[in-house]
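# Coordinate analysis (summary)
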Amino acid sequence: MRRIAVCPGSFDPVTLGHLDIITRASRLFDKVIVLISRNAGKAQPSFTATERMLMIEAVTRDLDNVVIDILDGLLADYVRNVGAVAIVKGLRAVSDFEYEFQMALANKKLYAGAETVFLTTPAENKNLSSSVVKQIAYFGGDISHFVPGIILDDIKQRLVNDN
């Protein structure tokens, strides 16, 4: 039996923290689906879903068991439809846990076959988020320590303020 995990997120843009969680999940499961999903609570994304998919494909090219997909719907339904056994989420801090715990309970209620697996981030990524990357890039700061080098120029081209 192949053990499939879904690693959902907005990935706007994908960061080294995201890549760490995806890479570690790829060692735990036979197949990892990185799922670009829309978060109704977040602002309009800076990158289209297709652009985010292409960036994630570029940074996971060496991970043979990772595929990328796009979702505009309920995560629990997607997990059921692909036969996944787990939803993998990264945790940076206790504040992440509060929200993710609520989501895990809701997903479990919607689909009992979905277990949520939490992977804690390494210390160097604990304050890293796509929002932080966007803020730093907007003001021309150096984001090279936060995003994979292969997509650095693409991110800067879109996010750097042209004042």
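Heads up: these notes are all about the structure in this document. Along every chain, residues carry numbers that run from 1 in the direction the sequence is written. Residues qualify for local features only when their pLDDT is at least 70, as the model is predicted, and side-chain atom pairs are given and counted only at 80 or more; totals for whole chains, interfaces and linings, by contrast, use all residues. The basis for every side-chain value is the complete set of heavy atoms in the structure, and neither hydrogens nor water enter the calculation.

### Quick notes on helix α2 (residues 49-59)
Exposure categories follow from relative accessible area, calculated using a 1.4 Å probe and restricted to protein chains: below 20% of the type maximum is buried, above 50% is exposed, and the middle band is partly exposed. Put simply, DSSP marks the helices as runs of H or I at least four residues long and the strands as runs of E at least two long, and each gets a number from the N terminus on. Within the span of α2, buried status applies to Arg52, Met55, Ile56, Ala58 and Val59. Across the axial projection of α2, the buried residues extend over an arc of 155°, all falling on one side. Any pair of residues with heavy atoms lying within 4.5 Å of one another is described as a contacting pair. Each element contacted by the buried residues of α2 is listed here: α1 (16-28), β2 (31-37), β3 (66-71) and α6 (152-159). In this description, the arc belongs to the directions extending from the helix axis to the C-beta atoms.

### Quick look at a nonpolar patch on the surface
Taken together, the side chains of Phe97, Phe101 and Leu105 define a hydrophobic patch exposed on the protein surface, amounting to about 270 Å² of accessible area. When you line up the elements, Phe97 lands in helix α4 (residues 94-110). The residues that make up patches have over 30% relative accessible area and no salt bridge, and they are joined within 9 Å when like-charged or within 5 Å when they are Val, Leu, Ile, Met, Phe, Trp or Tyr. Accessibility throughout is a Shrake-Rupley quantity obtained with a 1.4 Å probe, and a residue counts as covered only by protein chains that appear here. We define a salt bridge as a side-chain nitrogen of Lys or Arg found within 4 Å of a carboxyl oxygen belonging to Asp or Glu.

### A look at the pattern of salt bridges
Considering all chains together, one arrives at seven salt bridges under this definition. Residue Arg158 is joined to Glu51 by a salt bridge in which the shortest nitrogen-to-oxygen separation is 2.6 Å. Separated by 107 residues along the polypeptide, Arg158 in helix α6 and Glu51 in helix α2 bring together distant segments of the chain. The partly exposed category is assigned to Arg158, whose relative accessible area is 39%. Judged by relative accessible area, Glu51 falls into the partly exposed class, the value being 26%. Measuring nitrogen to oxygen at the nearest pair gives 3.5 Å for the salt bridge that ties Lys89 to Glu100. In this pair, Lys89 sits in strand β4 (residues 86-91) while Glu100 sits in helix α4, placing the two residues 11 residues apart along the sequence. Take Lys89: its relative accessible area is 17%, and that puts it in the buried class. Overall, the relative accessible area of 11% leaves Glu100 in the buried class.

### Observations regarding the side chain of Asn107
For Asn107, the location among the structural elements is in helix α4. Accessibility expressed as a relative area gives 8% for Asn107, which makes it buried. Ignoring anything within four residues of it in the chain, the contact list for Asn107 reads Leu75, Ala76 and Ile87.

### Points about the environment of Ala86
Inspection of the secondary structure puts Ala86 in strand β4. Once the C-alpha coordinates of Ala86 and Val6 are considered, the two residues, 80 residues apart in sequence, prove to be 6.3 Å apart. Ignoring any residue separated from it by four or fewer positions in sequence, one finds Ala86 in contact with Ile4, Ala5, Val6, Phe29, Glu115 and Val117.

### Considerations on the pairing of strand β5 (residues 115-120)
Bridge analysis of β4 against β5 gives six bridges, and the strand direction is parallel. Bridged to Gly90 within β5 is Leu119. The β-α-β motif built from β4, the intervening α4 and the parallel element β5 has right-handed crossover chirality. The criterion for strand pairing is that DSSP finds at least two bridges linking the strands in question. A crossover counts as right-handed when, viewed with the strands pointing away from the observer, the path leading from the first strand over the helix to the second turns clockwise.

### Focus: the packing of aromatic side chains
Working definition: a ring pair exists when centres of Phe, Tyr or Trp rings (six-membered ring for Trp) sit within 6.5 Å. Plane angles under 30 degrees give stacked, over 60 give edge-to-face, the rest tilted. One pass over the structure, following the stated rule, counts three aromatic pairs. Between Phe97 and Phe101 the ring centres are 5.3 Å apart and the planes differ by 25°, which places this aromatic pair in the stacked class. Taken together, the positions of Phe97 and Phe101, both in helix α4 and four residues apart, correspond to about one turn of that helix. Between Tyr138 and Phe139, the ring centres sit 4.8 Å apart and the planes meet at 90°, which makes this aromatic pair edge-to-face. Following the ring pairs from residue to residue traces out a cluster consisting of Phe97, Phe101 and Phe118.

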